[in-house]
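# Overview (structure and organization)
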Amino acid sequence: MSGPDENGYKLNGDGSYLFSIPSSVHWMAKRYETPFLTIIYNNHGWKSPKLSTLGVHPTGIAQQTNQFFVDFTPDADLSKIAEAAGGAYAKKVERADELRDAIHECLEVVKGGRVAVLDVSLPNV
């Protein structure tokens, strides 16, 4: 997970969020009082490796059986990692009509000096 952009936002997928060691990221953000908003695009797995597999082996056994071993099951509330490790404001959105209000809510939290993480559920991989 690279740092936030010039507006203090960080947009990334669920896989890159998990591999960024979010517990360390959010603990350090709390320690050094560096508020930012992370929005996680959570499709509950790794879509890129699935697409790569299909690109190399379009009619292979993975495609035939629809078994790519790239899903994140059981599902986790990824924003809670930030809450537990660094006291971040954690929010999970599962419906599109909740998104606008959730983003505004998180931005207000960040303006108040606290990290916010918004876990946005997308269709599965």
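As shown above, the structure is provided for reference.
Residues numbered from 1 in each chain as written. Predicted model: local features only at pLDDT ≥ 70, side-chain atom pairs only at ≥ 80, totals over all residues. Heavy atoms only, no water.

### Some points on the overall build of the chain
Scanning the chain from N- to C-terminus turns up 6 helices and 4 strands. Along the chain direction, N to C, the helices and strands of the chain fall in the order β-α-α-β-α-α-α-β-α-β. The principal-axis extent of the C-alpha atoms belonging to the chain is close to 50 × 30 × 30 Å. A buried classification covers 35% of the 125 residues belonging to the chain. Within the chain, contacts between residues separated by at least 24 positions form 72% of all contacts whose residues are at least 6 apart in sequence. On the chain, roughly 7,700 Å² of surface is accessible, and the fraction owed to carbon and sulfur atoms is 55%. Computed over 12 positive and 15 negative side-chain charges, the separation of the two mean positions in the chain equals 2 Å. (Helix = DSSP H or I, 4+ residues; strand = E, 2+ residues; numbered from the N terminus. Buried < 20%, exposed > 50% of the residue type's maximum accessible area, 1.4 Å probe, protein only. Contact = heavy atoms within 4.5 Å. Areas by Shrake-Rupley, 256 points an atom, 1.4 Å probe, with all protein chains shown as cover. Lys, Arg positive; Asp, Glu negative; His and termini not counted. Charge placed at Lys NZ, Arg CZ, Asp CG, Glu CD.)

### Examining the pattern of salt bridges
In this structure the tally under the stated criterion is 7 salt bridges. The salt bridge partner of Asp-75 is Lys-92, with a shortest N-O separation of 3.4 Å. Of this pair, Asp-75 sits in the loop between α4 (61–65) and α5 (79–86) while Lys-92 sits in strand β3 (residues 89–93), and the two are 17 residues apart along the sequence. With relative accessibility at 45%, the residue Asp-75 sits in the partly exposed group. Put simply, Glu-94 and Lys-92 hold a salt bridge, and the shortest N to O gap is 3.7 Å. On the accessibility criterion, Glu-94 (55% relative accessible area) is exposed. A network of salt bridges, in which partner residues are shared, links Asp-75, Lys-92 and Glu-94. (Salt bridge = Lys/Arg side-chain N within 4 Å of Asp/Glu carboxyl O.)

### Observations regarding the pairing of strand β4 (residues 116–121)
Burial within β4 is extensive, with 5 of its 6 residues counted as buried. Pairing of strand β2 (residues 37–42) with β4, which is carried by 6 bridges, proceeds in the parallel orientation. Looking across to β4, one finds that Asn-42 is bridged to Ser-121. Summarising the sheet, β3 and β4 pair through 5 bridges and their orientation is parallel. Looking at β4, one finds that Val-93 is bridged to Val-120. (Pairing = 2+ DSSP bridges.)

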